[in-house]
Structure formats: C-alpha cells, structure tokens
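Chain residues, written in single-letter form:
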Amino acid sequence: MRKVSLSLALCLFAVAASAQQPDFSKVEIKVTKVAGTVYMLQGYGGNIGVCVGDDGILIVDDQFAPLAEKIKAALKGITDKPVKFVLNTHWHFDHTGGNAYFGETAPIIAQENTRKRLESGGNIKAFGMEVPPAPKAALPVVTFADKVTVHINGEDIRAIHFPNGHTDGDIVVFFPQSNVVHMGDDFFSGMFPFIDLDSGGSVQGLIADIAQIIPMLPPDVKVIPGHGPLSNLDDLKKFEDMLRGSSAAVAAAMKQGKTLDQMKKEKVLANYADWGKGMLNADRFTEILYNDLSGKKTGAFLKHN
Ligand SMILES: [Zn+2]
C-alpha cells in the first residue's frame, strides 16, 4: 500500500484515475440559492450546503483545505455573519478538507464513526489509497450516534445517521423550514456512486437507507446531492431505481456463475450506460456491486474493527 499525495488522491476521487493534478487556483466557487435559508456551494469535491440568517452561518461539508479562503469569500458574498457550525456528512477528504480552517472558529459536528475514521485515517483500497490520520484541529468536537438537531436561523436542522450506506458514518441533513435536504454522498445525482466498502459502506445498506429516506421527504423538496447538480425527489428515486436494477443485474450474473471479468466484458450494466459518465464508469461500479454482493471488502481494513 503506497501513500498517495493529496493531489493524486483528489484526482482519484474526482476523475477516477486521471493522472492530471487539479489546479486549486483555477477552481471557482459557484453559489446557488436553493430555498429559504439554504444555499449550495460547488467548487471541487463534495457539494457544500449553507444555512444563512441572523444567527450566522452553518455549513454542511467544506471540500478541500486549499479552497477554504475561496469558500469563505463566497460565504461573505451571501452574508457578513460568521460561520457558527460545521457539519460533516462523512469522513472523506473531499468533504472535510476545510475542517482545520473552519474548525478554528466554529465547532465541527459529525456522527461518531466519522470522527473515529478521521482520527485514525484508513484505507480506501478501491482507489489504492491510504488516508493519513487527520490533525486534531480537523476533528469534529461534537459527535453523536443517531441524530442531532441544530437550531439556527429559525431552522431546526436535523442531521440523521443512516447506517452502512456510502460509509458507516453518513448523515443526511434536513432543513425542514426551507424544505431542503442535503444527502451527502448517500446520493450521487445522475451518476454511479462511489460506495466505500472499506469504510463500512454497503450497496445493499445504501438501498435500504434511501428507501427509508424517500418517504420522509415532501414531494417538492430540493435535494442537494454529495456530487452532481441540485436535484429533486424524482432524481433521488431514479438513483434508487438504478441501484436496485444494477445490483439485481450483477446478482443475476453471479447466480449464473459469471466472473467479474465476464460481467465487465458482457457489459452487465448496459441498461445504465448514462450513469457511467460521472465519477465511476460501469466497470468500476460493477466491481463495487460484485464485491458488495460477494461479501468481499475491496481490501483489508487496517485501522478499524
Ligand atoms: Zn464520500
């Protein structure tokens, strides 16, 4: 297992195996008003949810450390109020890279597995990566098992843990007054998702989580995905259908005794070709489905039980 630099790791996450290094100086932060108190920021890495109002700012995720100043400037364009709280949807570095920066003045809140994994670092073998332990300044200081509510800007922001989806520490963040939900990486809109089997993630778990989340959402809810454009309930339902359908296709091929290589060659996910244009192509997602269904982790989990 080699250690990889942040920039290489970044590429692996963002464009899956491109050797090109991203240039953070060229990244622009796009600000979108979602509804009510909620905005979405897009730069490089996971989408950031923002709640603004008289009490200050709460952000959901914070992308990469080199973008922190730009993120701060984008927030300044919305309001002069300070950042009061940071929520981490899960431990991946494209969502928590700004923690040390924003954590200096605002407490970071996360599910307890997120803090554990940040603290110890870990392997993301699907990308051949070993992520080093995060410095103390980047660790969440408030953790919870199941759910927490933050009352700010007239909003009762509910962060709820759904077990074993994209990882084992994912939270979904509901903004009930503004009718918005931030799904974290439990939702990649319009593309095959990366599901981190080495961090306690599970395709079948994710399907069960989404089946539980959908009935909790009003039909006209605005949905911020971890990756991809601002979405709606229909987009989330399509994602659920794709997960079920592609998982069933791989399960059927396994039942016929097909190997992973055969499945790739025969394009077992051909019905879902459009979903392969984002972060992962159909072969990579077939691999994740196969590993999940056969109970194989993509790699040994070195630092967690
Ligand atoms: Zn992630």
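Residues numbered from 1 in each chain as written. Predicted model: local features only at pLDDT ≥ 70, side-chain atom pairs only at ≥ 80, totals over all residues. Heavy atoms only, no water.

By the bridge criterion, 4 bridges tie strand S4 (residues 56–60) to strand S5 (residues 83–87) in an arrangement that is parallel. Directly across from Leu58, in S5, lies its bridge partner Phe85. Assessed by its sense of winding, the connection that carries the chain from S4 through helix H2 (residues 68–76) to S5 is right-handed. Bridge count for S5 against strand S6 (residues 108–111) is 2 bridges, and the pairing is parallel. Within S6, the position partnered with Val86 by the bridge is Ile108. (Pairing = 2+ DSSP bridges. Helix = DSSP H or I, 4+ residues; strand = E, 2+ residues; numbered from the N terminus. Right-handed = clockwise from strand over helix to strand, strands pointing away.)

Turning our attention to the coordination of the zinc ion. Ideal values for angles at a metal depend on the geometry: 109.5 degrees with four tetrahedral donors, 90 or 180 degrees with six octahedral donors. His90 (NE2), His92 (ND1), His166 (NE2) and Asp185 (OD) make up the full set of protein donors to the zinc ion, lying at 2.2 Å. Coordination geometry of the zinc ion: the 4 donor atoms subtend angles of 86 to 172 degrees at the metal centre, consistent with an arrangement described as irregular. (Donors = N, O, S within 2.8 Å, 3.2 Å for Na, K, Ca; no water. Tetrahedral: all angles 85-135°; square planar, octahedral: opposite > 155°, others 65-115°.)

Inspection of the secondary structure assignment puts Phe85 in strand S5. Each C-alpha atom of the pair Phe85 and Val203 lies 30 Å from the other, and the pair is 118 residues apart in sequence. Residues within four places of Phe85 in sequence aside, it is in contact with Ile57, Leu58, Ile59, Ala106, Pro107, Ile109, Val150 and Ile152. (Contact = heavy atoms within 4.5 Å.)

Fine structural detail should not be taken from predicted coordinates in areas where pLDDT scores are low. Of all residues in the chain, 90% attain a pLDDT of 70 or more, and the chain-wide mean is 91. Here residues 1–12 is a poorly scored stretch, pLDDT under 50, and it has 32 contacts once near neighbours within four places are set aside; other chains count. Considering only residues more than four positions removed or in separate chains, one finds that residues 299–305, a stretch of pLDDT under 50, has 13 contacts. (pLDDT = per-residue confidence, 0-100.)

Strand order in this open sheet of 6 strands is S10-S11-S12-S13-S14-S15, and the pairing throughout is mixed. Strand pairing shows two members of the sheet lacking a second neighbour, strand S10 (147–152) and strand S15 (231–232), which therefore form its edges. Bridge count between S10 and strand S11 (residues 155–161): 6 bridges; the pairing is antiparallel. The residue of S11 that forms the bridge with Lys147 is Ile160.

Val50, Ile59, Leu75, Leu236, Phe239 and Phe285 are the most contacted members of the largest nonpolar core, which totals 71 residues. Per-element accounting of this core gives the leading share, 7 residues, to helix H7 (residues 233–255). Dropping the residues within four chain positions of it, Ile59 is found in contact with Ile48, Gly49, Val50, Leu75, Val83, Phe85, Val86, Leu87 and Phe102. Among the nonpolar cores identified, the runner-up in size contains 19 residues, and Ala35, Cys51, Phe144 and Ile171 belong to it. (Core = buried A, V, L, I, M, F, W, Y, C linked by side-chain atoms within 4.5 Å. Buried < 20%, exposed > 50% of the residue type's maximum accessible area, 1.4 Å probe, protein only.)

A complete count under the given rule lists 9 aromatic pairs for this structure. Here Phe64 and Phe93 contribute two aromatic rings whose centre-to-centre distance is 6.2 Å and whose plane-to-plane angle is 50 degrees, an arrangement assigned as tilted. Taken together, the residues Phe64 in the loop between S4 and H2 and Phe93 in helix H3 (residues 93–96) connect sequence positions 29 residues apart. Here Phe93 falls in the buried class, since its relative accessible area comes to 11%. Judged by centre distance (6.4 Å) and plane angle (40 degrees), the ring pair of Phe239 and Trp275 falls under tilted. Of this pair, Phe239 sits in helix H7 while Trp275 sits in the loop between helix H8 (260–265) and helix H9 (282–293), and the two are 36 residues apart along the sequence. The burial state of Phe239 is the same as that of Trp275; both residues are buried. Linked through ring pairs, Phe24, Tyr44, Phe64 and Phe93 together constitute an aromatic cluster. Across the ring face of Phe127, the terminal group of Arg284 is positioned such that the distance to the ring centre comes to 5.4 Å. (Phe/Tyr/Trp six-rings, centres within 6.5 Å; stacked < 30°, edge-to-face > 60°. Lys NZ or Arg CZ within 6 Å of the ring centre and 35° of its normal.)

This part is about H9. Between its first and last C-alpha, H9 extends 16 Å over 12 residues, near the 16 Å set by a 1.5 Å rise per residue. Along H9, the residues classified as buried are Phe285, Thr286, Ile288, Leu289, Tyr290, Asn291 and Asp292. Buried-residue contacts for H9 involve helix H6 (203–213), H7 and H8. Looking at where H9 begins, the residue whose side-chain oxygen comes 3.1 Å from the main-chain nitrogen of Asp283 is Asn281. Note on H9: the residue one or two positions beyond its end, Gly295, has a positive phi of about 75 degrees. (Expected span 1.5 Å × (residues − 1). Polar contact = N/O pair within 3.5 Å; in protein donor to acceptor, adjacent residues only side chain to side chain.)

Spatial ordering of the open sheet is given by S1-S2-S3-S4-S5-S6-S9, a layout of 7 strands whose pairing is mixed. Either end of the sheet is taken by a strand with one partner, and the two such strands are strand S1 (30–35) and strand S9 (142–144). On average, adjacent strands in this sheet sit at an angle of 20 degrees to one another, irrespective of strand direction. As paired elements, S1 and strand S2 (residues 38–42) share 5 bridges and run antiparallel to each other. Paired with Lys33 across the bridge in S2 is Tyr39. Relative to the sheet, H2 contacts S1, S2, strand S3 (48–53), S4 and S5, its axis offset from that of S2 by approximately 145 degrees. Set on the sheet, helix H5 (residues 112–120) makes contact with S6 and S9; between it and S6 the angle comes to about 105 degrees. (Axes fitted to C-alpha atoms, helices over the stretch in contact; angles between N-to-C directions.)

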